Amino acid sequence: MSHEPKHTTMLVHGSWRDTAPEEVDEVLCDPPYTEHVHEGHVLPVRDREAVPFDPAHPEDFLPELLGRARRWVVCFCAFEALGDYCRIAGDAWVRSGIWLKTNPAPQMSGDRPGTPGEAIAIMHNPGRKVWNGGGKVALWRHAPAHGAERCHPTPKPVSLMLDLVRDFTMPGELVWDPFAGGGTTGVACMKLGRRFLGHELEHEHAEVAARRLDRVQRTIDREAAAQQPFGEHPEEAAVLARLHRLLGRGLMPRDVARTLNRAGAVAPPRHGTTGRRSARWTRALVLKWTRVPG
Ligand SMILES: C[S@@+](CC[C@H](N)C(=O)[O-])C[C@H]1O[C@@H](n2cnc3c(N)ncnc32)[C@H](O)[C@@H]1O
């Protein structure tokens, strides 16, 4: 049985260690790391200053995550850390994946090749594996986050997270991101109809993520409302009554009445719905017609 959160999308401000769920379907996460994490867990002082948060070593969290996931555990990491993930995951290890950046930052020092992307450690608890990617290889090509997506010091692009959520999870499943940052995994889950549980330690990031998830929810609500058959909302029902009166008094030109009729606005829709396009259409027409004095 999956852990059932009260809400479809939930973001917790705090360490995941304090309120970890008992069981989730998948873990999709991006723990804080640098290319140096693998070097005996010790960062040179210069690099420590450049990292906006303490890097986490898979030793410290991976067994916990694997113990709580029913299916996939997918973690971004430095290429150099893949060996650690493979060793710690043991039988749960599946494959190394790559996020290949389509326009990576150049190597400013010019004295070595630049980093082409990031590694993805792909794991699954022993048992039958099912994913939605068919025979494709573990390579995802996406540009780094840009514009409004850069709401966190190290954000993942939404397009990449949409691909991963689509590939590794099923609609309705519960996806957990214990290192939620700016909430990108949550955004992808909401857009694709997956349930989401996120934890974020830092107040500032948690606030940003919460606002972002709220915005996505508002967009989803607006789109859902636009798909409702016209007239279900009480305000629309009042407008409809007014249109009926106009029609009854012969005050509406016949072609407009016909259009509204076809869209299901002035006659009950035949199969209980006016369809997406016609509902939007009807709204536009009705907006025009309610300005007519009646
Ligand atoms: C690499 S960032 C994730 C960025 C995210 N993928 C995005 O697109 O915005 C890692 C995040 O994990 C958070 N973090 C670190 N330790 C944590 C913990 N124990 N519990 C919850 N969040 C934690 C950090 O504050 C940081 O924001």
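About the cut-offs
- Positions within a chain are numbered from 1, following the residues in the order the chain's sequence is written.
- In keeping with the model being predicted, local features are shown solely for residues with a pLDDT of at least 70 and side-chain atom pairs are shown and tallied solely at 80 or more, while totals for entire chains, interfaces and linings include all residues.
- Secondary structure is summarised from DSSP: a helix means a run of H or I of at least four residues, a strand means a run of E of at least two, and numbering begins at the N terminus for each.
- Counting other C-beta atoms within 10 Å of a residue's own tells you its class, since 20 or more makes it buried, 12 or fewer makes it exposed, and anything in between is partly exposed; those C-beta atoms are placed from the backbone.
- It is the C-beta atoms, placed from the backbone, that decide contacts: two residues are in contact if theirs lie within 7 Å.
- Note on pairing: DSSP must find at least two bridges between two strands before they are called paired.
- Only the stretch in contact is used when fitting a helix axis, every axis being a line fitted to C-alpha atoms; angles between N-to-C directions are given from 0 to 180 degrees.
- Only the C-beta atom matters for this test: placed from the backbone, it must lie within 6 Å of a molecule or strand for the residue to be near it.
- Throughout this entry, Asp, Glu, Lys and Arg are counted as charged residues, while Ala, Val, Leu, Ile, Met, Phe, Trp, Tyr, Cys and Pro are counted as nonpolar. The remaining residues, Gly among them, count as polar.
- Our arc is simply the arc of the directions from the helix axis toward the C-beta atoms.
- Should an angle fall under 35 degrees it is taken as roughly parallel, and over 145 as roughly antiparallel, whereas 65 to 115 is taken as roughly perpendicular and any remaining angle as oblique.
- Handedness of a crossing is defined here by the sense of rotation of the near helix relative to the far one, left-handed for an anticlockwise turn of less than a right angle and right-handed for a clockwise turn.
- Note on handedness: a crossover is taken as right-handed if, strands pointing away from the viewer, the path from the first strand over the helix to the second is clockwise.
- Per-residue confidence from the predictor is reported as pLDDT, a score between 0 and 100.

A. Structural detail: the overall build of the protein. Check the secondary structure of the protein and you find nine helices and eight strands. Per-residue burial over the protein gives 33% buried out of 294 residues. Counted over contacts in the protein with a minimum sequence separation of 6, partners at least 24 positions apart contribute 65%.

B. Quick peek at the sheet that holds strand β4 (residues 93-101). Pairing in this open sheet of eight strands is mixed, and the strands run β1-β8-β7-β2-β3-β5-β4-β6 from one edge to the other. What marks the edges here is a single partner per strand, and that holds for β1 (9-13) and β6 (139-142). Sheet twist, expressed as the mean angle between neighbouring strand axes with direction ignored, is 20°. Bridging between strand β2 (residues 26-29) and strand β7 (residues 174-177) involves two bridges; their strand directions are parallel. Paired with Glu 26 across the strands is Val 175, a residue of β7. In the packing of helix α3 (residues 82-89) onto the sheet, the strands contacted are β3 (72-77), β4 and β5 (117-124), and the crossing angle to β5 comes to about 5°.

C. Quick look at the site of the ligand. Around the ligand sit 21 residues, and of these Asp 30, Phe 179, Gly 181, Gly 182 and Thr 184 come closest. Partitioning the shell around the ligand into residue classes produces eight nonpolar, eight polar and five charged.

D. Quick look at helix α4 (residues 158-168). All of the buried residues in α4 are Leu 160, Met 161, Leu 164, Val 165 and Phe 168. One face of α4 carries all of its buried residues, which in axial projection span an arc of 130°.

E. Region of interest: the environment of Val 27. Counting through the fold element by element, Val 27 comes out in strand β2. Along the chain, Val 27 and Cys 75 lie 48 residues apart, while their C-alpha atoms are 7.9 Å from each other. Apart from residues no more than four positions distant in its own chain, Val 27 is found in contact with Leu 65, Ala 69, Val 73 and Trp 176.

F. Inspection of the environment of Met 10 at higher detail. By the element assignment, Met 10 lies in strand β1. As for Met 10 and Arg 195, which are separated by 185 residues in sequence, their C-alpha atoms are 8.4 Å apart.

G. Spotlight on the environment of Ile 220. Structurally, Ile 220 can be placed in helix α6 (residues 203-227). C-alpha separation for the pair Ile 220 and Lys 191, spaced 29 residues apart in sequence, amounts to 7.7 Å.

H. The arrangement of the packing of α4 against helix α5 (residues 184-191) in detail. At a closest axis distance of 8 Å, the pairing of α4 and α5 adopts a crossing angle of 55°. One way to sum up the angle between α4 and α5 is to call them oblique. As for how α4 packs across α5, the hand of that crossing is right-handed. Between α4 and α5, the contacting residues are Val 158, Met 161, Leu 162 and Val 165 on the first element and Thr 184, Thr 185, Val 187, Ala 188, Cys 189 and Lys 191 on the second. The residue inventory of the contact of α4 with α5, partitioned by class, reads seven nonpolar, two polar and one charged.

I. Local environment of the pairing of strand β8 (residues 195-200). Here β8 lies mainly inside the structure; six of its six residues are buried. Of the two faces of β8, both are covered, the one formed by Arg 195, Leu 197 and His 199 as well as the one formed by Phe 196, Gly 198 and Glu 200. As paired elements, β1 and β8 share five bridges and run parallel to each other. Bridge pairing in β8 links His 13 to Glu 200. Relative to β8, β7 runs parallel, the two being bridged by four bridges. Residue pairing across strands places Val 175 opposite Phe 196, the latter belonging to β8. With respect to chirality, the unit in which β7 leads through α5 into the neighbouring parallel β8 is right-handed.

J. Structural view of the confidence of the model for the protein. Averaged over every residue, the pLDDT of the protein is 83; the share at 70 or more is 77%. The low-confidence segment residues 267-277, where pLDDT is below 50, has 12 contacts with residues more than four positions distant or belonging to other chains.

K. Expanded view of the packing of α5 against α6. Look at α5 against α6: their axes get within 9 Å of each other, and the N-to-C directions meet at 15°. What the angle tells us is that α5 and α6 run roughly parallel. Like other packed secondary-structure pairs, α5 and α6 cross with a definite hand, here right-handed. Here Gly 186, Val 187, Met 190 and Lys 191 of α5 lie close against α6, whose contacting residues are Ala 209, Arg 212, Leu 213, Val 216, Gln 217 and Ile 220. Looking at side-chain class alone, the contact of α5 with α6 contains six nonpolar, two polar and two charged residues.

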